[in-house]
Amino acid sequence: MKLLASFLMVSLAFLFQAQGSEKVRISTFSTILTEVAQRVGGDRVKVTGLVKPGIDPHEYDPTPGDLRQVAKSQIVLASGKHIEGYLTKLKESAGVKGELISVGDQFPSLMMKPEEEKAGGPKEIEDPHWWHSVENVERAVKIVRDELDKVSPSDKAVFDKNAEVYLAELEGLKKWVKSKVAELPRDKRKLVTSHDAFQYFARDFGFKIYAIEGISTQDEVSNRKVAEIIETIQKQGVKAIFLESIENPKVIKEITRETGATVGGTLYADGLGEGATGTYDGMMRHNVTTIVDALK
Amino acid sequence: MRGSPLLRAVLVLAALLLLLIPLLRLTQGTAAPALADASPAEPRAKQATVHLELLSTRVPFHFELRYLGKVIWQGESMEAQVKKAVAMEFPKEGVDLELKGGWREDGASVAAVKLTVIPSDQQPREKSVWAQKEFDEVLTFQ
């Protein structure tokens, strides 16, 4: 009897330990949210980033393997604001059992005109590039933390602590960005980029945007638009224009030839890069330093 | 076609020259007309005298004021109010000033420093920062 009781106790202990060590399975469709989930979840989560660094989220299409991964996840994090055009189809075909959170849909959007207005199409669309505002990423951290607390209440203390540390780092980053941008006169804050992805950044730091393309890297650039941009660069006295990590720089190079403006560098518009730009902090510091130093 | 060979050669040459005009326009790029129409770049704001005032609710206090990454005013004051005139640009888009500083002693409650910026011939603009001991904020004046 004594032996049986000991055996039961040991078995129960193993069972609780096994349950306790089971990690929350998360899939993400954004490199930013992959970092947020990893930072908040720590060693209590297993995060699979389906959109990898360097992949254009505007053009990403889930593979059958991705659908299988999504189906077995407890939390699926999407960027939202309609950047993932496949989301409705994904919900139906993958049989998502876990929570599908469109993180960006839970905070206010900036609106913008689509590059080409189609008959019957919307006059304005939501700008999906919310992560260029550090405040929005702070909001995303809180959303992910609350969701993790709900899915795994026994790990709440860990998630809350991790989120607190990460939020403090983001506050530090926000302060650094403000200070760095303050090096640039406000009348020189004119940003010419190869696609319109920096509205949230522009709103936070007083920049005016002149995008060569519209919202998506899939949009074709019209000759009329290029001529308009050339005229604007001349008129506004813009010193430098910027490329993006995922973009074909041909049009920008033509514009610099015509206007005498220089190429200020490459910006990460659609997500994290690799190496030093492989973290949100690194990406923001790279983008802000590139912009400020080129326009000074 | 009849006529002298010389006349025919002149006519052919004239036709070729006429063809050359649109050809030149095409090869020089479509953006050229837009460039010709572009107005000159907007002039940048000129430097002018700007009066600065700092008012602290606790003394002594130390401070450092940066404009475009450079220190334009720094010091420590036993008085609650200090003033300085500086030469700087004040474009219509406004200026960002980074104000750092603090007090030697922690107070029982938070203290404040008010920065007043008075560009020449313009209304004063004010911003305040609140802190327990140290402050470091970028203030926008428009």
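Keep in mind that this is a model prediction, so the values were computed, not measured. Numbering of residues starts from 1 in each chain and follows the order in which that chain's sequence is written. As a convention, the first chain written is A and the first ligand written is 1, with the rest following in written order. Since the coordinates come from a predicted model, pLDDT governs what is reported: local features require at least 70, and pairs of side-chain atoms require 80 or more to be given and counted, while whole-chain, interface and lining totals use all residues.

Colleague: Can you walk me through the overall build of chain B in this structure?
Modeller: Of regular secondary structure, chain B possesses two helices and eight strands. Ordered by position from the N terminus, the helices and strands of chain B form the series α-α-β-β-β-β-β-β-β-β. Numbering of helices and strands runs from the N terminus, with a helix taken as a DSSP run of H or I at least four residues long and a strand as a DSSP run of E at least two residues long.

Colleague: I would appreciate a short explanation of the pairing of strand 6 (residues 111-119) of chain B in the present structure.
Modeller: Regular strands place their side chains on alternate faces of the sheet. All names here are of chain B. The sheet contact formed by strand 1 (residues 47-56) and strand 6 spans seven bridges and is antiparallel. Note on strand 6: the bridge partner recorded for L55 is K114. Where strand 6 meets strand 7 (residues 125-131), seven bridges bridge the pair, whose relative direction is antiparallel. Among the inter-strand pairings, L115 is bridged to a residue of strand 7, identified as K127. Strand pairing is assigned whenever DSSP identifies at least 2 bridges connecting the two strands.

Colleague: What is the right way to read the domain arrangement of chain A from this model?
Modeller: Accessible area lost upon the coming together of the parts is a frequently used measure of interface size. All names here are of chain A. The split into domains, and so the bounds of each, comes from an automatic or database assignment of domains. One can read the domain layout of chain A as domain 1 (23-175) and domain 2 (184-295). Relative to domain 2, the C-alpha centre of domain 1 lies at a distance of 25 Å. Residues are defined as contacting one another if the C-beta atoms placed from their backbone atoms lie within 7 Å. With 26 residues of domain 1 at the interface, the matching set in domain 2 holds 28 residues. Mapped by element, the contributors of at least two residues to the side of domain 1 that touches domain 2 are helix 2 (31-41), helix 5 (134-151) and helix 6 (156-181). Looking at side-chain class alone, the side of domain 1 that touches domain 2 contains 12 nonpolar, eight polar and six charged residues. Residue type decides the class: Asp, Glu, Lys and Arg count as charged, Ala, Val, Leu, Ile, Met, Phe, Trp, Tyr, Cys and Pro as nonpolar, and the leftover types, Gly among them, as polar.

Colleague: Is there a simple way to think about the sheet that holds strand 4 (residues 81-89) of chain B in this case?
Modeller: All names here are of chain B. Pairing is antiparallel across the open sheet formed by four strands, whose spatial order is 4-1-6-7. Two strands close off the open sheet at either side, each with one partner strand: strand 4 and strand 7. Neighbour-to-neighbour, the strand axes of the sheet open up by a mean angle of 20°, direction not taken into account. Axis definition: a line fit to C-alpha positions, over the contact stretch in the case of helices; interaxial angles, taken between N-to-C directions, run 0 to 180 degrees.

Colleague: Can you walk me through the packing of helix 8 (residues 223-236) of chain A against helix 9 (residues 250-259) of chain A in this structure?
Modeller: Any two packed helices are characterised by the angle at which their axes cross and by the distance between the axes. All names here are of chain A. Two numbers describe how helix 8 lies on helix 9: the axes approach to 10 Å, and their chain directions differ by 45°. On the basis of the axis angle, helix 8 is oblique to helix 9. In terms of crossing hand, the pair formed by helix 8 and helix 9 is right-handed. Contacts between helix 8 and helix 9 involve V226, I229, I230, I233 and Q234 from the former and V251, I255, E258 and T259 from the latter. For classification purposes, angles smaller than 35 degrees are called roughly parallel, those larger than 145 roughly antiparallel, those between 65 and 115 roughly perpendicular, and all remaining angles oblique. Handedness of each helix crossing follows the sense of rotation of the near helix against the far helix: counterclockwise by less than a right angle gives left-handed, clockwise gives right-handed.

Colleague: Can you help me understand helix 5 of chain A in this one?
Modeller: Turn by turn, an α-helix covers 3.6 residues, leaving residues three or four places apart pointing in a common direction. Each residue after the first adds 1.5 Å to the expected span of a helix. Compared with the 26 Å implied by 1.5 Å per residue over 18 residues, the 26 Å span of helix 5 of chain A between its first and last C-alpha is a close match. Neighbour density around each residue's C-beta defines its exposure: 20 or more other C-beta atoms within 10 Å make it buried, 12 or fewer make it exposed, and counts between make it partly exposed, where C-beta atoms are placed from the backbone. What helix 5 of chain A keeps buried is the set V134, V137, A140, V141, I143, V144, R145, E147 and L148 of chain A.

Colleague: Which parts of the structure should I look at to understand unusual backbone geometry?
Modeller: Excluding glycine, most residues fall at negative phi; most peptide bonds, likewise, are trans. In this model, V59 of chain B is joined to P60 of chain B through a cis peptide bond whose omega is -5°. Considering the arrangement of structural elements, one finds P60 of chain B in the loop between strand 1 and strand 2 (61-67). One non-glycine residue, K81 of chain A, adopts positive backbone phi at about 55°. Turning to its location among the elements, K81 of chain A is positioned in the loop between strand 3 (75-78) and helix 4 (87-94). For K81 of chain A, a count of 19 C-beta atoms within 10 Å translates into the label partly exposed. The phi torsion at L68 of chain B lies on the positive side, around 55°, for a residue other than glycine. Mapped onto the elements, L68 of chain B comes out in the loop between strand 2 and strand 3 (70-77). Accessibility expressed as a C-beta count within 10 Å gives 17 for L68 of chain B, which makes it partly exposed.

Colleague: I tried to follow the sheet that holds strand 3 of chain A on my own but got confused; where do I start?
Modeller: Strand-to-strand pairing in sheets goes through backbone hydrogen bonds, with the strands running parallel or antiparallel. Residues and elements named next belong to chain A. The four strands lie next to each other as 2-1-3-4, forming an open sheet whose pairing is parallel. What marks the edges here is a single partner per strand, and that holds for strand 2 (45-49) and strand 4 (99-102). Recorded for the sheet is a direction-independent mean angle of 20° between the axes of neighbouring strands. Here strand 1 (residues 24-28) runs beside strand 3; their pairing, made up of three bridges, is parallel. Its bridge partner lying in strand 3, T28 is registered against L77. Taken strand by strand, helix 2 contacts strand 1, strand 2 and strand 3, and its axis lies near 170° from that of strand 2.

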